Amino acid sequence: MTDVGTTKRKSMTPGRRLRIFENHKGVCVTCGLPIKVGEPWFVEHIRALELGGEDVDANCGPAHQISCKAVKDADDHHRASKAKRVKQRHIGITAPKQKIASRGFPQSTKPKNERAQLPPRQLYREEQV
Ligand SMILES: [Zn+2]
């Protein structure tokens, strides 16, 4: 079974950043739109490290810093958490059963006909004229 672990990150040098940007011709790997001059961008791992993606240039591409980062990060964390849960279930790790903290309400001692009763529920409203 392959482990879904987080891959160690290499350092990002300016040269590597440029190479990655040019490999993708400046097109964002998340939304597919070109990154305009002066627009902030960062190096994105196409397959996230926490999903077993490798920290190699082939798995890296530029992405918009503002509009695209949060979207993909949230999606990746969601997928990584799910992968972890699926794996845990597969190898038989389950969450401990939760015990009910309180013992609940005591049984009423009043006879049934003395208990508070709600008025009969009206199912249909009278037609307004
Ligand atoms: Zn984008």
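Structure's up top.
Values in this document were obtained by computation on a predicted structure and should not be read as measured data.

### Quick look at the coordination of the zinc ion
The textbook angles at a metal center are 109.5 degrees for a tetrahedron of four donors and 90 or 180 degrees for an octahedron of six.
And then number 1: The coordination sphere of the zinc ion contains the protein donors Cys28 (SG), Cys31 (SG), His64 (ND1) and Cys68 (SG), at a distance range of 2.0 to 2.3 Å.
And then number 2: Accessibility expressed as a relative area gives 37% for Cys31, which makes it partly exposed.

### With respect to the pattern of salt bridges
And then number 1: In the structure shown here, the tally under the stated rule is seven salt bridges.
And then number 2: Where salt bridges share partners, they join Arg16, Arg19, Asp55 and Asp57 into one cluster.

### What to know about the layout of surface pockets
And then number 1: Estimated volume of the largest pocket: approximately 320 Å³.
And then number 2: Arg9, Glu44, His45, Lys69 and Asp73 are, among the 18 residues lining the largest pocket, the residues nearest its centre.
And then number 3: When residues of the lining of the largest pocket are traced back to their parent elements, those giving at least two are strand E1 (41-45) and helix H2 (69-90).
And then number 4: No other element matches H2, which puts five residues into the lining of the largest pocket.
And then number 5: For the lining of the largest pocket, the per-class residue count stands at five nonpolar, three polar and 10 charged.

### Overview of H2
And then number 1: Look at H2: 31 Å from first C-alpha to last across 22 residues, which is about the 32 Å you get at 1.5 Å a residue.
And then number 2: Looking at H2, one finds that the buried residues are Lys72, Asp76 and Ala80. Take H2 and look down its axis: the buried residues cluster within an arc of 70°, on one side only. Opposite the packed face of H2, turned more than 90 degrees from it, sit the exposed residues Ala70, Val71, His78 and Arg89.
And then number 3: Packed against the buried residues of H2 are E1.
And then number 4: Just beyond H2, the residue with positive phi is Gly92, at close to 85°.

### Section: the pairing of strand E2 (residues 60-64)
And then number 1: Of all five residues making up E2, five are buried, and the element is well covered by its neighbours.
And then number 2: Two strands pair when backbone bridges link them, and E1 and E2 are joined in this way by five bridges, in the antiparallel orientation. Counterpart to His45 in the pairing with E2 is Cys60.

Definitions and cut-offs
Residues numbered from 1 in each chain as written. Predicted model: local features only at pLDDT ≥ 70, side-chain atom pairs only at ≥ 80, totals over all residues. Heavy atoms only, no water. Donors = N, O, S within 2.8 Å, 3.2 Å for Na, K, Ca; no water. Buried < 20%, exposed > 50% of the residue type's maximum accessible area, 1.4 Å probe, protein only. Salt bridge = Lys/Arg side-chain N within 4 Å of Asp/Glu carboxyl O. 1 Å grid on protein atoms, 1.4 Å probe; cavity = no way out; pocket = protein on both sides within 12 Å on 5 of 7 lines; lining within 4 Å. Points joined across faces, edges and corners; volume = space filled by probe spheres on them. Helix = DSSP H or I, 4+ residues; strand = E, 2+ residues; numbered from the N terminus. Nonpolar A, V, L, I, M, F, W, Y, C, P; charged D, E, K, R; others polar. Expected span 1.5 Å × (residues − 1). Arc of directions from axis to C-beta. Contact = heavy atoms within 4.5 Å. Pairing = 2+ DSSP bridges.

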